[in-house]
Amino acid sequence: MTSTLNDSKPDLMRRALDALSQHVADSGLTTRQKVALTCRALFDAGHDSGLAGQITARAEEPGTYYTQRLGLGFDEITEENLLVVDEDLNVLEGQGMANPANRFHSWIYRGRPDVSCVVHTHPLHVAALSMLEIPLAVSQMDIAPLYDDCAFLADWPGVPVGNEEGEIITAALGDKKAVLLAHHGHVVAGASVEEACSLAMLIERAARLQLLAMSAGTIAELPPRLAREAHDWTLTPKRSQANFAYYARQALRRHPDALSS
């Protein structure tokens, strides 16, 4: 006999969230391993643009973070060749140098204590949308985690290697999870590596959907109440963990060299 067909939607949602907490476990991966797998997963999803873009995550010591070595593509990153740098981009662990454009990540981490991972890439559809100088339009259920959570920087400040760009990008991001940068790419600021990876996957899909929809007609807006409900339902730590576990499995099948253990 069924016992839930008369339950309310809020009750069913709460029950599902409880079940997620019970059945979705932490991966057991280190932060270093998660960053390496994020690099590989995003490479496979079309986020590569030569050596452009950076993925960082807070390291164990305050004011330090993991990042890739300048000169390596996302498809070459392993847990062993990641660097640990300080806010001035001095290398504390590893060989080589960090991308000078990492400087704005330091500003984001300083301004947003809630952020544990920053993904900045120039994927094809995000980059194409950025050329139109229009914000991201979230009008489809799958990309609801970005609803009212993606800011827009309309004025391109140039290459982000100065402190000025750090201030500008951090201010544009505000308290959002992401920002679309005109004539540039995107930045995702996640509470975890898992969340940042998941949202980076989504923002490229969102841009692709937007460009396709714009070519066919006018994009209709989502009803705000339902869009907010979808945002809150899909943007939870456990759902991000589940998403990341899937991306990590894919990445490991394609790139078993990403992890040394």
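Residues numbered from 1 in each chain as written. Predicted model: local features only at pLDDT ≥ 70, side-chain atom pairs only at ≥ 80, totals over all residues. Heavy atoms only, no water.

*Asks:* Mind showing me how you'd approach helix α7 (residues 224-234) here?
*Replies:* Since the α-helix packs 3.6 residues into each turn, any two residues three or four apart lie on the same face. Within α7, burial applies to Ala227, Ala230, His231 and Thr234. Mapping the buried residues of α7 onto a view down its axis gives an arc of 100°, with all of them on the same face. Looking at the packing, one finds that the buried side of α7 touches α8 (237-254). (Buried < 20%, exposed > 50% of the residue type's maximum accessible area, 1.4 Å probe, protein only. Helix = DSSP H or I, 4+ residues; strand = E, 2+ residues; numbered from the N terminus. Arc of directions from axis to C-beta. Contact = heavy atoms within 4.5 Å.)

*Asks:* Please clarify how the nonpolar core should be interpreted in this entry.
*Replies:* Generally speaking, soluble globular proteins have nonpolar side chains that are buried together. Among the nonpolar cores identified, the biggest contains 43 residues, and Val119, Leu136 and Leu146 are the most heavily contacted of them. Elements represented by at least two residues in this core include exactly α2 (31-44), β1 (54-58), β5 (117-121), α4 (124-130), β7 (178-181), α6 (193-216) and α8. Counting residues per element, this core draws most heavily on α6, which supplies 10 residues. Beyond its immediate stretch of four places on either side in the chain, Leu146 contacts Leu136, Val138, Ala178, Leu199, Leu202, Ile203 and His231. By size, the runner-up hydrophobic cluster in this structure holds 18 residues, among which are Ile108, Tyr109, Val115 and Ala151. (Core = buried A, V, L, I, M, F, W, Y, C linked by side-chain atoms within 4.5 Å.)

*Asks:* I tried to follow α8 on my own but got confused; where do I start?
*Replies:* With 18 residues, α8 should cover 26 Å at 1.5 Å per step; its first-to-last C-alpha distance of 26 Å lies within 8% of that length. Every buried residue belonging to α8 is among Ser240, Gln241, Phe244, Tyr247, Ala248, Gln250 and Ala251, and all of these are buried. Looking at the packing, one finds that the buried side of α8 touches α2 and α6. (Expected span 1.5 Å × (residues − 1).)

*Asks:* Honestly, the side chain of Arg40 in this entry has me stumped. Any pointers?
*Replies:* In this fold, Arg40 is placed in helix α2. The residues touching Arg40, leaving out its near neighbours within four places in the chain, are Phe74, Asp75, Glu76, Ile77, Thr78, Ala251, His255, Asp257 and Ala258.

*Asks:* Teacher, can you tell me more about the pairing of β1 here?
*Replies:* Along any regular strand, the residues point their side chains to alternate faces of the sheet. Among the 5 residues that make up β1, 4 are buried, leaving the element largely enclosed by the rest of the structure. Where β1 and β5 come together, 4 bridges link them in antiparallel fashion. Its bridge partner lying in β5, Gln54 is registered against His120. As paired strands, β1 and strand β2 (residues 64-67) are joined by 2 bridges and run antiparallel to one another. Across the sheet, the residue bridging to Arg58 is Tyr65, located in β2. The hairpin formed by β1 and β2 contains 5 residues between the paired strands, and Gly63 there has a positive phi angle of roughly 75°. (Pairing = 2+ DSSP bridges.)

*Asks:* I'm lost on the UniProt feature "domain: Class II aldolase/adducin N-terminal" (unreviewed entry) in the chain in this one. Help?
*Replies:* Summarizing the sequence annotation, UniProt attributes the feature "domain: Class II aldolase/adducin N-terminal" (unreviewed entry) to residues 33-211 in the numbering used throughout. Within the segment residues 33-211, helix and strand shares are 32% and 20% respectively, and the terminal C-alpha atoms sit 34 Å apart. (UniProt positions renumbered as here; feature names shortened; annotations may be inferred.)

*Asks:* Which parts of the structure should I look at to understand the packing of aromatic side chains?
*Replies:* Centre-to-centre distance and the angle between the planes together describe a pair of aromatic rings. In this structure the tally under the stated criterion is 2 aromatic pairs. When the ring of Tyr65 is compared with that of Tyr109, the centres are 5.3 Å apart and the planes differ by 45°; the resulting orientation is tilted. Placement of the pair is Tyr65 in strand β2 and Tyr109 in helix α3 (residues 103-111), with a sequence separation of 44 residues. In this pair, the class of Tyr65 matches that of Tyr109, namely buried. Plain terms: the ring middles of Tyr246 and Tyr247 are 5.8 Å apart, the flat faces sit at 45° to each other, and that makes the pair tilted. The exposure class assigned to Tyr246 is partly exposed, which follows from its relative accessible area of 40%. Residue Tyr247 is classed as buried on the basis of its relative accessible area of 17%. (Phe/Tyr/Trp six-rings, centres within 6.5 Å; stacked < 30°, edge-to-face > 60°.)

*Asks:* Mind showing me how you'd approach unusual backbone geometry here?
*Replies:* Both trends apply: most residues other than glycine have a negative phi, and most peptide bonds are in trans. Positive phi is not limited to glycine here, since Leu89 has a value of about 70°. As for its placement among the helices and strands, Leu89 is situated in the loop between β3 (83-86) and β4 (91-93). Judged by relative accessible area, Leu89 falls into the buried class, the value being 15%. Phi at Glu133 is positive, roughly 55°, even though this residue is not glycine. Mapping Glu133 onto the fold places it in the loop between α4 and β6 (150-153).

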